[in-house]
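Tertiary structure, described
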Amino acid sequence: MVLNEKKASGLIGLMAIVSGIAAIITARDFPPSLTDTDVGPSIFPTAYGAILALLGLVLFASGSRRASKRGAADEGSTPPLDIAKFVFGVVGVAAYLWIIDYAGFAISTIIYLWLMIGLMRGAAGFRQISTPVLAILIGLAVYAAFVMLLQVPLPTGLWLDSAA
Amino acid sequence: MDSLLALLDGARNLLGQWDAMLMAVAGVALGLVVGALPGLSVAMGVAIMLPFTYGMEPLHGLLLLSGVFFGGVYGGSITAILLRIPGTPAAAATALDGYAMTRQGRAGQALGVATVSSFTGGVISVLVLIFLAPLLAQFALRFSAAESFALAVFGLSIIASISGGSVLKGLLSGFAGLLLATVGMDPLLGLPRFTGGMSELYSVPFIPIMIGLFAAAEAFKMLSESSHAAELKTAIGRILPTRETLRNIWGTVLRSSGIGTAIGIIPGAGADIAAFVAYGEAKRFSKAPETFGKGAMQGVAAAEAGANGCTGGAMLPMLTLGIPGDAVTAIMLGALTLQGIQPGPRLFQENGELVFSLFAGLLLCYVILLVMALCSLRYVARMVQVPKSILMPLIMVLSVAGAYAIGNSMFDVGIMLVAGVIGFLMIKAGVPASPMVLGLVLGPMAESNFRRALTLSEGSYDFLYTRPITATLLAAALITMFAPALSAYRKRRRANRGVATHPGAQT
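Each value, and the rule that gives it
Residues numbered from 1 in each chain as written. Chains lettered and ligands numbered in written order. Predicted model: local features only at pLDDT ≥ 70, side-chain atom pairs only at ≥ 80, totals over all residues. Heavy atoms only, no water. Helix = DSSP H or I, 4+ residues; strand = E, 2+ residues; numbered from the N terminus. Rg over C-alpha atoms; globule rule 2.2 N^0.38 Å. Buried < 20%, exposed > 50% of the residue type's maximum accessible area, 1.4 Å probe, protein only. Contact = heavy atoms within 4.5 Å. Areas by Shrake-Rupley, 256 points an atom, 1.4 Å probe, with all protein chains shown as cover. Lys, Arg positive; Asp, Glu negative; His and termini not counted. Charge placed at Lys NZ, Arg CZ, Asp CG, Glu CD. Buried area = accessible area lost by both parts, 1.4 Å probe. Salt bridge = Lys/Arg side-chain N within 4 Å of Asp/Glu carboxyl O. Polar contact = N/O pair within 3.5 Å; in protein donor to acceptor, adjacent residues only side chain to side chain. Nonpolar A, V, L, I, M, F, W, Y, C, P; charged D, E, K, R; others polar. Expected span 1.5 Å × (residues − 1).

Re the overall build of chain B
- Secondary structure summary: chain B contains 20 helices and two strands in total.
- A globule of 507 residues ought to have a C-alpha radius of gyration of about 23 Å, and chain B, at 23 Å, matches this closely.
- With respect to the principal axes defined by its C-alpha atoms, chain B has extents near 70 × 65 × 55 Å.
- The burial tally for chain B puts 59% of its 507 residues in the buried class.
- At a minimum sequence separation of 6, the contacts of chain B that also span at least 24 residues come to 80%.
- A total accessible area of about 19400 Å² is found for chain B, and carbon and sulfur atoms account for 63% of it.
- Positive and negative side-chain charges in chain B, numbering 31 and 23 respectively, have mean positions lying 15 Å apart.

Observations regarding the interface of chain B and chain A
- At the interface, 56 residues of chain B touch 64 residues of chain A.
- The largest share of the area that chain B buries against chain A comes from L172, L223 and K428 of chain B, three residues that together contribute 12% of it.
- Along the contact surface separating chain B from chain A lie two salt bridges.
- Linking chain B with chain A are four residue pairs in polar contact (both at pLDDT 80 or more), by the criterion used here.
- Those elements giving two or more residues to the side of chain B that touches chain A turn out to be helix 8 (167-181), helix 9 (206-223), helix 16 (388-407), helix 17 (410-429) and helix 18 (434-456) of chain B.
- Among the elements that line the side of chain B that touches chain A, the one with the most residues is helix 16 of chain B, at 14 residues.
- Residue classes in the side of chain B that touches chain A are distributed as 40 nonpolar, eight polar and eight charged.

Description of helix 8 of chain B
Residue and element names in this part refer to chain B.
- Counted at 1.5 Å a residue, the expected span for helix 8 with its 15 residues is 21 Å, and the 21 Å between its end C-alpha atoms agrees.
- Counting buried residues in helix 8 gives eleven out of 15 residues, a clear majority hidden from the surface.
- Between a side-chain oxygen at the N-terminus of helix 8 and the backbone nitrogen of L168 the separation is 3.4 Å; the capping residue is S166.

Focus: unusual backbone geometry
Residue and element names in this part refer to chain B.
- Of note in the backbone geometry, F194 takes a positive phi value of approximately 55° without being a glycine.
- Structurally, F194 can be placed in the loop between strand 2 (192-193) and helix 9.
- The phi dihedral of N408 is positive, around 50°, even though this residue is not glycine.
- With respect to the element layout, N408 can be found in the loop between helix 16 and helix 17.

Observations concerning the pattern of salt bridges
Residues and elements named next belong to chain B.
- Applying the stated rule across the entire model yields ten salt bridges over all chains.
- Note that R12 is salt-bridged to D9, the shortest N-O span being 3.1 Å. Of this pair, R12 and D9 both sit in helix 1 (residues 2-15), three residues apart, which is roughly one turn of the helix.
- Using a relative accessible area of 42% as the deciding quantity, one classes D9 as partly exposed.

Thoughts on the environment of E147 of chain B
Residue and element names in this part refer to chain B.
- Mapped onto the elements of the fold, E147 is located in helix 7 (residues 145-157).
- With relative accessibility at 5%, the residue E147 sits in the buried group.
- Residues E147 and A453, 306 residues apart in the sequence, show an inter-C-alpha distance of 8.8 Å.
- Dropping the residues within four chain positions of it, E147 is found in contact with R467, I469, T470 and L473.

Given below as structure tokens:
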């Protein structure tokens, strides 16, 4: 399955329609203004939501019209993307964020870097000694930059906290 | 004269802070690398570095980001010249003649011309910024809520001009940003809107959204691309331009710097437009226009002076009016807000010393850029060989750490991830992210000032057309908004007429 410009446009159009309508419905519950001279808190979100939904509809419809005109020939007009790769990337980051809560930033980052560098290098990626070395060096450098240089306390993780 | 004295004071203040100057050096170095690496945009570099500035003094942070901005705009030319891969959209104009020069064995000359032209363009634009900014700020001090509303609308109207290929997609992105900007507390009543009861959403998580849209989205994009790095096979040779080379390009450089600065001041017109307009003008003025595209050093000089001339110009409306002209200046505006500094006409009254120290620092950034580029171009050129298998995870890790660092909150990291996914879909759909950022920044300004103006005029909408500045700005906004659509319509009509007159021409 591939994701090309046409499909992505349709998806963005659909998201705009849903967000716009949701904003209009939610804004109806905002309390009215306290004075007659103010338009109140719901006018701007409602107007933006309505225009966004309309633009989303036009984008969605124009995509479908173009698709029916050009047919299958349009499929190859933009570089296709393996959706699995993208989903893998998003799930990978989500898992990384989940692990940070338990193992802390430093350890989770090294594991994430090792897996991603290894996978992106292809079949031999995990066999190369430079993969774990790079993961450790980059992970520690980022950690040091934030914690020591910028004094930003990155998460230490529940496991380390409970051990301490 | 006042500006000159203030600048000297600023320079004295800057010289007393060696660590601020170090930040300028670090920023330019990082910018050079970010700009040179194809696929990494200047906006992404600035967005990634933004969280690093959180704990810094305002001057230090702003110099770091300005260094990344300037270095990034210039850095794009390195790969454009050596590999015909423009590191930034503006460098596409440089590639036209720069790569031709490389193929003729004149890579060093092309790089030298690009460096000197970028330096000159940048310095001229910063000088214009220094002397024009106080005047514009003085004028803008007269603005009340009505004028500020009109100014925000004018800023928003440029969405049509920064939409790239499709006005529809640009408008959609802009209105999504405007709607997103309404999340949080109502500006007048202080009631929560669209927060779902989450206190984290009482103000729009602007910076995590920026990091997601510009950095995480690029990282996701890299996953789908080939991981092979471009290979550099060319010998670079002498980089420092000879006296004869300088004599040949100085006229082009000065003219293109002026064009770039003027274009930079217009909100929405970025370095890419400046580079191509300057290139076109250089070709028009040239005695040998037929050499353009075949290795004319004036072509490289024009494109680079134009692109870098844009940088100081773009900062003018951001600093004096609080209106960012593009994504990079929008992120820099976010950095100022993060530091508790409100850009706009009062900036010069309330933070005069900081502003003029920053101006002195901007000039310093260009001096650093000149020295660093001439000394380290060979090494920067080799850095483009960093494979995506390392870059992609590194960008993602920096995005996670950066989003967390803003408020020590994993919630912000989640927002960054969602923005990254949406940003990636936007890239695939050809929907530009810059209008969304503009909507996010200018949305609250437009809404709060409109409602304030309405309250001040006791519910009457007269202020929209009875106040001269407001009416002028709103009229300008209408023209800016509809000009691209009108021009596209005219082009289409002309093309249709051409086809009707010469039906055979179609085949």
